[in-house]
Every structure is written in C-alpha cells, then in structure tokens.
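Below, each chain spelled out in residue letters.
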Amino acid sequence: MPDVGPTAVLPRRPLTVGELLDSAVLLLRGQARLLVPLAAALALGEQLLLHPLRVLADARPPEYWLDAGRLGWYWMLLAAGAATEATIIALLGNPAARAAGAALLGRRAGPRELLRPAGSRWGATVAVALAVGLGVLVAALLGPAWFVAYGLLGAVVPALVVDRLPAYRAPLRALGLAVRSGSRAAGIRLLGYLGWWLIRLGIGLGVYYGLTLLALVDLTDPAWALPVATAAWVGVNAVAYPALACLDAVLHLETRMRTEGLDIRLARAPAGTPEPVLLAVRR
C-alpha cells in the first residue's frame with residue numbers, strides 16, 4: 001500500500017485546494033531533473049517566437065507594457081502569449097501526468113521511463129497541445145474569454161496519456177471534468193495560474209531591476225536589456241510552467257477520485273493489475 005501520509009505526492013483521497021497545490025509542488029520537486037530543463041527550452045523558444053510581435057507592438061523589456069498607439073498589435077501579442085503558454089503547459093503535461101499516475105500507484109517514475117517513446121503518446125500530445133493553444137488564441141482575441149478557455153482545457157493531456165482516450169475525445173473529457181462540482185477544477189486551475197503569474201512577475205522584474213540597482217550591467221542599453229530580460233523570464237517560466245503542468249496532472253486525478261471514485265476502484269483492484277487498467281476511464 002503506498003504512503004498516504006502528509007509526504008505522499010498524491011494521496012488516494014479527495015484533497016483540499018491547499019493540498020492540491022502542495023501535491024503539485026511535490027510532484028515538480030520529484031521530477032525537476034526532467035521537467036525544468038524541458039520547460040527552459042520551450043520557454044526560450046517562446047521568447048524568440050514572441051519577439052517579432054513585441055517589436056511590432058513597441059513593447060519594451062522587461063515589462064513589455066502597452067503602447068497606446070499600437071493597441072492592435074499589443075492585443076495580438078497578449079493573445080499569442082496566452083496561446084504559447086497554454087501550449088507549453090500542455091506539452092509538459094505529458095510527462096507530468098504520467099509521473100502523477102505512477103505516484104498514485106505508489107511508485108516514482110524516473111526520467112528514463114518518462115522519456116521512453118513506448119506508450120508516451122507524444123505525437124497525439126503535440127497535436128492536442130497545438131489545438132489547445134489555438135483554442136486559447138481564439139478565445140484571447142475575443143477578450144476575457146481567454147480565462148474561460150484556459151480554465152476548461154487543463155485536463156486535455158492528462159485525459160490523453162493517463163485515461164488513454166483517443167485524441168478526439170480528450171477535449172470533451174477535459175471539459176466534462178472541469179465543470180463538475182460547480183466548475184471546481186476550472187476554478188482551481190485559474191487560481192494556480194494567478195498565483196504563479198504573481199510569482200513570475202515579482203521574480204522576473206525583481207531580477208531585472210535588482211541588476212540595475214547593483215549597477216552590474218547597463219540595462220538602459222538595448223543590447224543588454226533584451227538578453228537580460230529574456231534570461232529572467234526564461235528562468236522563472238522554467239519553474240512556473242512545469243508547476244502548472246503538475247497542478248493539471250494532480251487536479252485531473254483528484255477530480256476523478258472526487259467525482260468517479262477512482263480511489264475506491266484502486267483500493268479494490270486485484271494486486272498486480274496493470275496500470276492502464278487501473279487508470280482507464282470506465283467506458
């Protein structure tokens with residue numbers, strides 16, 4: 001029987017909001033060797049992808065704040081940023097969800113297991129991650145609908161890799177789980193995003209302006225400002241993005257325990273039952 005005490009990554013019972021956030025951090029800590037470098041590479045790619053839009057919007061580092069004369073381009077920049085964030089979090093959700101599934105079964109999945117192509121469904125993950133990004137992009141172009149799309153789509157990749165659903169069924173599964181119990185899962189996902197957004201903002205700007213106060217580099221020089229701001233945002237996003245992916249993973253399994261009795265089914269399962277059978281959706 002796996003440890004279900006206070007140090008368990010994912011106890012086999014419904015959790016409070018605080019316990020869910022703790023579980024996500026514990027999962028990230030256990031898988032940091034894999035998730036953080038992967039997130040750093042994706043976050044760097046995001047910064048490079050957004051740079052042309054920032055130039056068109058005249059958004060300057062480190063805040064990349066609004067120029068009132070280029071509102072249209074700035075709106076596009078915000079929408080593209082929301083889409084890239086959602087896509088990256090979904091991609092990181094593949095190893096995070098498989099690690100969470102292993103933790104629920106009482107074992108720790110190592111980096112080799114999570115990188116193993118067999119059964120990883122990376123092709124389908126990339127496809128649904130791009131679809132999630134496109135959905136968030138469209139919603140962001142419409143304004144506040146971005147928050148709705150982000151809150152509802154958190155379980156798409158966990159449904160794909162843990163529940164073993166076909167790619168075309170994963171979005172509907174995610175939507176169904178997100179709105180259960182008064183949209184509890186959607187609300188917690190938005191709460192987690194807001195919390196990490198505040199952390200990212202504080203650390204990212206703090207690093208940049210801290211270097212300015214220490215006079216280590218001349219950040220009034222654009223040749224320094226852009227690379228330093230890029231490094232600061234990549235560094236903080238390399239932790240925030242996998243943390244949010246881990247929250248999606250534990251939230252998906254906790255919602256199944258809360259609303260589908262997954263914890264009871266696991267407790268009653270015969271010893272030696274294969275993992276896909278234990279975690280498969282009851283059809």
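About the thresholds
Residues numbered from 1 in each chain as written. Predicted model: local features only at pLDDT ≥ 70, side-chain atom pairs only at ≥ 80, totals over all residues. Heavy atoms only, no water. Helix = DSSP H or I, 4+ residues; strand = E, 2+ residues; numbered from the N terminus. Buried < 20%, exposed > 50% of the residue type's maximum accessible area, 1.4 Å probe, protein only. Phe/Tyr/Trp six-rings, centres within 6.5 Å; stacked < 30°, edge-to-face > 60°. Lys NZ or Arg CZ within 6 Å of the ring centre and 35° of its normal. Core = buried A, V, L, I, M, F, W, Y, C linked by side-chain atoms within 4.5 Å. Contact = heavy atoms within 4.5 Å.

Details of unusual backbone geometry
Of all residues except glycine, most have a negative phi; of all peptide bonds, most are trans. Unusually for a residue other than glycine, D58 sits at a positive phi of about 55°. Looking at where D58 falls in the secondary structure, it is placed in the loop between α2 (32–56) and α3 (71–104). The backbone of R121 shows a phi angle near 60°, a positive value even though the residue is not glycine. Its place among the elements puts R121 in the loop between α4 (111–115) and α5 (122–141). Take R121: its relative accessible area is 24%, and that puts it in the partly exposed class.

Considering the packing of aromatic side chains
For the structure shown, the criterion picks out four aromatic pairs. Summarising the aromatic geometry, the rings of W146 and F147 are spaced 4.5 Å apart at their centres and angled 75° between planes, so their arrangement reads as edge-to-face. Joined through ring pairs, the aromatic side chains of W146, F147, Y150 and Y193 make up one cluster. Stacked on the ring of Y150, the Lys or Arg R189 has its end atom at 3.8 Å from the ring centre.

Structural notes on the nonpolar core
Counting residues in each nonpolar core, the largest one holds 65 residues, and the members touching the most others are V136 and V250. Looking at this core element by element, the count peaks at 14 residues for α3. Contacts of V250, omitting those with residues within four sequence positions, involve L10, L20, S23, A24, L27 and A100. In terms of nonpolar packing, the next biggest core, distinct from the first, is built from 15 residues, A57, Y64, Y208 and V236 among them.

Focus on the environment of L10
The residue L10 is located in the segment before α1 (17–30) in this model. Residue classification places L10 among the buried positions, given a relative accessible area of 4%. Between the alpha carbons of L10 and D22 there is a distance of 9.3 Å; along the sequence they are twelve residues apart. Sequence-distant contacts of L10, defined by excluding residues within four places in its chain, comprise L15, S23, A100, L104, V250, L253 and M257.

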